[in-house]
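Spelled out from the first residue to the last, the chains are:
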Amino acid sequence: MKSIIDEGAQYALVEDNEYTDDKTRKDLKVTIARGNNKSAQSEELQEFTKKNYDKEVHVDRTWMLPVTKESITSIKGAGVNTIEVKTNSR
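In this text, all values refer to a predicted model and were calculated from it rather than measured experimentally.

Draft legend 1. Up close: the overall build of the protein. A count of helices and strands for the protein gives four helices and zero strands. Listed by position from the N terminus, the elements making up the protein come as α-α-α-α. The burial tally for the protein puts 12% of its 90 residues in the buried class. In the protein, the share of contacts with a sequence separation of at least 24, taken over all contacts with a separation of at least 6, comes to 69%.

Draft legend 2. Fine view of the layout of surface pockets. By volume, the second largest pocket is sized at about 250 Å³. Considering only residue class, the lining of the second largest pocket consists of four nonpolar, three polar and four charged.

Draft legend 3. How the structure looks around the pattern of salt bridges. If you walk through the whole model with that rule in mind, you get one salt bridge. As a salt-bridge pair, Asp 6 and Lys 2 come within 2.5 Å of each other at their nearest N and O atoms. Residue Asp 6 and its partner Lys 2 are both found in helix α1 (residues 2–7); the two are separated by four residues, about one turn of the helix. The pair Asp 6 / Lys 2 is uniform in exposure class, with both members exposed.

Draft legend 4. Focus on a nonpolar patch on the surface. Nonpolar side chains collect at one region of the surface, where Met 1, Ile 4 and Ile 5 lie side by side and expose about 380 Å² of accessible area between them. On the secondary structure map, Ile 4 appears in helix α1. With a relative accessible area of 46%, Ile 4 lands in the partly exposed category.

Draft legend 5. Structural view of the environment of Phe 48. Looking at the element boundaries, Phe 48 is found in helix α4 (residues 43–56). Phe 48 gets classed as partly exposed once you look at its relative accessible area, which sits at 42%.

Draft legend 6. Expanded view of helix α2 (residues 21–34). For α2, which comprises 14 residues, the first-to-last C-alpha distance of 20 Å matches the rise-based estimate of 20 Å (1.5 Å per residue) to within 8%. Those residues of α2 lying buried are Leu 28, Thr 31 and Ile 32. One face of α2 carries all of its buried residues, which in axial projection span an arc of 100°. Across α2 from its buried face, at more than 90 degrees, point the exposed residues Asp 22, Lys 26, Ala 33 and Arg 34. Following α2 by one or two positions, Gly 35 adopts a phi angle in the positive range, close to 75°.

How each quantity is defined
Residues numbered from 1 in each chain as written. Predicted model: local features only at pLDDT ≥ 70, side-chain atom pairs only at ≥ 80, totals over all residues. Heavy atoms only, no water. Helix = DSSP H or I, 4+ residues; strand = E, 2+ residues; numbered from the N terminus. Buried < 20%, exposed > 50% of the residue type's maximum accessible area, 1.4 Å probe, protein only. Contact = heavy atoms within 4.5 Å. 1 Å grid on protein atoms, 1.4 Å probe; cavity = no way out; pocket = protein on both sides within 12 Å on 5 of 7 lines; lining within 4 Å. Points joined across faces, edges and corners; volume = space filled by probe spheres on them. Nonpolar A, V, L, I, M, F, W, Y, C, P; charged D, E, K, R; others polar. Salt bridge = Lys/Arg side-chain N within 4 Å of Asp/Glu carboxyl O. Patch = residues over 30% accessible without salt bridge, like charges linked within 9 Å, V, L, I, M, F, W, Y side chains within 5 Å. Areas by Shrake-Rupley, 256 points an atom, 1.4 Å probe, with all protein chains shown as cover. Expected span 1.5 Å × (residues − 1). Arc of directions from axis to C-beta.

Purely geometric stuff here, so don't read any function into it on its own.
The structure is reproduced here in structure tokens:
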């Protein structure tokens, strides 16, 4: 466990020689065009989503760098993750 924490985990991935840079770029553009899940687009949950992402880009946690969706394709090796929001309703 210490090794994983100190050096990171290793994953046995099969290299896909057919997954070209062009294909990667196309997938990136498709994901950007599709946008976030409808749950993250709901007006009701916008404040919740903003609050939670704002704390993640705070100085203490800087694990993500927010940029405009228009600039993503000009960043070499960039990737995107869409947002889906789940709430606990009991």
